[in-house]
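Report on the structure
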Amino acid sequence: MGFKVVLKKELKDMLMSKRFIILIAIFILFYVAGFYFLVTIGLPQIRRPIVFLLRNYNSILGLIAPILGIAFGYDAISGERERGTLRIILAQPIYRDSVILGKLLAFFLLTATSLYAATFISLGIFVAGFGGALTLDDIARASIITLAAVLLSLVYYSISLLFSVFSRKSSHSALLAIAVWIIMAIVLPLVATMVAFSIAGPPPRISGTQRGAAAFREWSKKFNQVRESIMRISPDTYFGKVANTLLREISIAGRKTVSLTDALYSVAPSFAVLTIVPLILLIASFTIFVRQEEK
Amino acid sequence: MELVIETKNLTKIYEKKVVAVDGVNLKVPKGAIAGLIGHNGAGKTTLISMLTGLILPTKGSGKVLGYDIIKESLEIRKRVGLLPEGFGFYDHLTAYQNLKYIAELNGIDRKEADKRIVEVLKTVGLEKHKDSKVKGFSRGMKQRLGIAQALLKDPQLLILDEPTVGIDPEGAIGFRILMRKLVEEGRTVILSTHLLHELGDICDYIIVMKQGKLLAQGYVKDLQREYEEKKGYVYEIRVRKGAEKLYQEVKELGEAVLKDNVITVKCSRDTVEDLNSVFKKTEGVVLEEFKVVKPSLENLFLYYYYER
């Protein structure tokens, strides 16, 4: 009973909130800008323009999804606590878990619906506006990538929610959540590159000989291995892996397309991470919140 | 005496060291307006939170409206209207929308909710602001809306934690009238406050807390009697003629003060007969009024808080 009431109210609040409208506006702006760019560089001349469109779209998704998670997670509990509304809600015949579950499900439904809607609308624009060819395989790949974006958003929502459960002030939880995102999206790639350089050393000089090329390949392999192992900490990496794997094969002209099933097998570990991480964080938030006492 | 609240050795210890409520054996009779009084940090809010199942006691047990505070807290919250300390509303929603949400959380169906919302808004004098956003409400209006949400479930017991904070004097008078009306309707009301003057004379039952401990509880008249037995009775004699003469006689019987033709004398109950004799034998004295001054809530609080 209480869970459904919270879910309904949260969905309505989220949909009508300024932050959601602003995020949608940013999303559209980025999308249109990317689309315009593709058109100006000559979209019709590209062999499979859908791939370029999806690449552009995915880079926006990779940016928007974490922001969406943080925007709705940072004050989910601390905001209610700060406003004093949590006290009013908990004074009613409702269990604490209904509050957190209602909020979580509302976020998931809103994010999934809006990201899927955005994906299909953008594909529709592509077909209607440019008469581009679109196969079922393309739609399936786009859908899977969108699912990864929803999960990425959930990862950041669960991080923000955990901070929100602990914090008395929304500003604290917002700062912590944004700090995590900056570390994952900006600091970590820089650190990973620096560490990879320090371990792999400077790249060997390409002399044009076979031995030189082999040495460079060896160095490059080592460098990428180190960098990728560090980047595994970041959830953004897994979304990137899903998007790149699903789009890589079909983007290279003349190269045989890897089947969707094979692509799915190779992205399964990334999906596992994108599912398990938020699950653990959400269980932690849930357990802590349910045991907390509002003094 | 039918009790709506009864606790046994109720104790709350935070983080294994801070004793917020210490072995409280509380009894609140049905139909009372009970004042839960004590300084900040006396444990009032923690006690209320335990009674309504918002926090679990470390030790002890209790029943509210016959329901166990640990096992049946949801049943308690269905029947108890609570105005928690430091509460708030959704500023972007109207008074009606806020109350609608509360009604939904209580499982009240839409038709009934609409009817009750109008009723409670009228009760607290906010009917004209039904469709105004809470963002524009004054502190007093928010406080009244808080009481409205507590009344929405038509509760048998109403617990209001610091209900008059931020209310202007006019609002405070309206609040007292409302409380009396609610009790006339057969409800029991508990008012928790650290501001004694805010309670005025509306309470007929008081609960005094200090550092987590229950110092006193009982009907005001019983506690007043106990106070008078221990501290003496206070009589007030308004004299039209011969005040000074009478004062000289009366001060032999007890602690007396003469001011503006009014003699205030503090003495034991038995002295009332001696006073009568003095009135009779003192010539040239015209009495206007003679009354017993009952100890105020403040007198009682100070006595139980510091002296007993």
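For the structure itself, consult the block above.
In this report, the structure presented in the accompanying data block is examined. All values derive from a computational prediction rather than experimental measurement.

**Here's the deal with the sheet that holds strand 4 (residues 33-37) of chain B**
All names here are of chain B. What the 6 strands build is an open sheet, ordered 7-8-9-4-10-11; its pairing is mixed. The sheet is open, and its two borders are formed by strand 7 (80-83) and strand 11 (213-219), each paired with just one other strand. Here the strands of the sheet are splayed against their neighbours by 15° on average, with no regard to which way each runs. Strand contacts of helix 1 (residues 44-51): strand 4, strand 8 (157-161), strand 9 (188-193) and strand 10 (205-210), with the helix running at about 150° to strand 8, the strand carrying the most contacts. Most of the contacts of helix 5 (residues 139-151) go to strand 7, to which it runs at about 160°, and overall it touches strand 7 and strand 8.

**With respect to the sheet that holds strand 15 (residues 286-293) of chain B**
Residue and element names in this part refer to chain B. If you trace the 4 strands from one edge of the open sheet to the other, you get 13-14-12-15, paired in antiparallel fashion. Looking at which strands have only one partner, the edges of the open sheet turn out to be strand 13 (255-259) and strand 15. The average angle at which neighbouring strand axes cross in this sheet is 15°, direction not considered. Alignment of strand 12 (residues 233-241) against strand 14 (residues 262-267), held across 6 bridges, turns out to be antiparallel. Each residue of the ladder has a partner; that of Ile237, found in strand 14, is Ile263.

**With respect to the nonpolar core**
If you look at the biggest cluster of nonpolar residues, it comprises 137 residues, and the most contacted ones within it are Ala34, Ala148 and Ile206 of chain B. The element that contributes the greatest number of residues to this core is helix 7 (residues 136-166) of chain A, accounting for 16 residues. Split by domain, this core shows at least three residues from each of two domains, domain 1 (3-219) and domain 2 (232-307) of chain B. Counting residues in each nonpolar core, the second largest holds 12 residues, with Tyr233, Leu246, Val250 and Ile263 of chain B among its members.

**Regarding the packing of helix 8 (residues 220-231) of chain B against helix 11 (residues 297-307) of chain B**
Residue and element names in this part refer to chain B. Running from N to C, helix 8 and helix 11 cross one another at 65°; their axes reach a closest spacing of 10 Å. When the axes of helix 8 and helix 11 are compared, the pair comes out roughly perpendicular. Seen from above, helix 8 lies across helix 11 with left-handed handedness. Contact with helix 8, carried on its side by Leu223, Gln224, Tyr227 and Lys231, involves Asn299, Leu300 and Tyr303 of helix 11 and no other residues of that element. For the contact of helix 8 with helix 11, the residue count by class is 4 nonpolar, 2 polar and 1 charged.

**Regarding the interface of chain B and chain A**
Where interface size is given, it is often the accessible area lost as the parts come together that is meant. Facing the 20 residues of chain B at the interface are 17 residues of chain A. Counting only elements with at least two residues in the side of chain B that touches chain A, the list comes to helix 2 (73-79) and helix 3 (95-105) of chain B. Top element by residues in the side of chain B that touches chain A is helix 3 of chain B. It accounts for 4 residues. Among the residues making up the side of chain B that touches chain A, the classes are represented as 11 nonpolar, 6 polar and 3 charged.

Cut-off values and rules
- Residues numbered from 1 in each chain as written.
- Chains lettered and ligands numbered in written order.
- Predicted model: local features only at pLDDT ≥ 70, side-chain atom pairs only at ≥ 80, totals over all residues.
- Pairing = 2+ DSSP bridges.
- Helix = DSSP H or I, 4+ residues; strand = E, 2+ residues; numbered from the N terminus.
- Axes fitted to C-alpha atoms, helices over the stretch in contact; angles between N-to-C directions.
- Contact = placed C-beta atoms within 7 Å.
- Core = buried A, V, L, I, M, F, W, Y, C linked by C-beta atoms within 7 Å.
- Buried ≥ 20, exposed ≤ 12 C-beta atoms within 10 Å, placed from the backbone.
- Domains from an automatic or database assignment.
- Parallel < 35°, antiparallel > 145°, perpendicular 65-115°, else oblique.
- Left-handed = near helix turned anticlockwise from the far one by under 90°.
- Nonpolar A, V, L, I, M, F, W, Y, C, P; charged D, E, K, R; others polar.

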